[in-house]
Amino acid sequence: QVRLEESGGGYVQAGGSLRLSCTASSRIEYMAWYRQAPGKQRELVARLGIGGALNYADSVRGRFTISRDNDKNTVELQMKNLKPDDSGVYFCSANPGWQEYWGQGTQVTVSM
């Protein structure tokens, strides 16, 4: 069983920055951040494989940076120049290859 715990969400003005962090109970092949805004489907924000395979959503590329520490079993999302459209619940995910595990989520609210 994989357990994930996110932290770092909060309220920020447009143009501000937040850093999200996630601690996993073990070292997992793929770790990622997803977000879900009210009334919308959950979308992939960024994914980072254990070997460095990297993927960003077009809407966040250049503003967000995903990183991981395989020794500490952590993944972080540094978010800069935040926009109101970035608001939503951000979920840490981990996929060892046979199923997706999810954290509880952390709220990010970006105001005008």
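Because the structure is predicted, anything quoted here is derived from the model rather than measured.

Trainee: I keep staring at the overall build of the protein and nothing clicks. Help me out?
Mentor: The number of helices and strands found in the protein is zero helices and eleven strands. Ordered by position from the N terminus, the helices and strands of the protein form the series β-β-β-β-β-β-β-β-β-β-β. Taking 13 Å as the expected radius of gyration for a compact globule of 112 residues, we find that the protein reaches 13 Å, a close match to that expectation. Reported as C-alpha extents along the three principal axes, the dimensions of the protein are approximately 40 × 25 × 20 Å. Counting every position in the protein, which comprises 112 residues, the buried fraction comes to 42%. For the protein, restricting intrachain contacts to residue pairs at least 6 apart in sequence, the fraction spanning at least 24 positions comes to 52%. For the protein, the distance from the average position of its 13 positive side-chain charges to the average position of its 11 negative side-chain charges is 2 Å.

Trainee: Sorry, what's going on with the sheet that holds strand 3 (residues 18-24) here?
Mentor: Where strands meet in a sheet, backbone hydrogen bonds hold them as pairs that are either parallel or antiparallel. Strand order in the open sheet formed by four strands is 1-3-8-7, with antiparallel pairing between adjacent strands. Edge strands, defined here as strands with exactly one partner in the open sheet, are strand 1 (4-7) and strand 7 (64-69). For this sheet, the mean inter-axis angle between neighbouring strands, taken without regard to orientation, is 15°. Where strand 3 meets strand 8 (residues 74-79), six bridges bridge the pair, whose relative direction is antiparallel. Across the sheet, Leu18 pairs through a bridge with Met79, a residue of strand 8.

About the criteria used
- Residues numbered from 1 in each chain as written.
- Predicted model: local features only at pLDDT ≥ 70, side-chain atom pairs only at ≥ 80, totals over all residues.
- Heavy atoms only, no water.
- Helix = DSSP H or I, 4+ residues; strand = E, 2+ residues; numbered from the N terminus.
- Rg over C-alpha atoms; globule rule 2.2 N^0.38 Å.
- Buried < 20%, exposed > 50% of the residue type's maximum accessible area, 1.4 Å probe, protein only.
- Contact = heavy atoms within 4.5 Å.
- Lys, Arg positive; Asp, Glu negative; His and termini not counted.
- Charge placed at Lys NZ, Arg CZ, Asp CG, Glu CD.
- Pairing = 2+ DSSP bridges.
- Axes fitted to C-alpha atoms, helices over the stretch in contact; angles between N-to-C directions.

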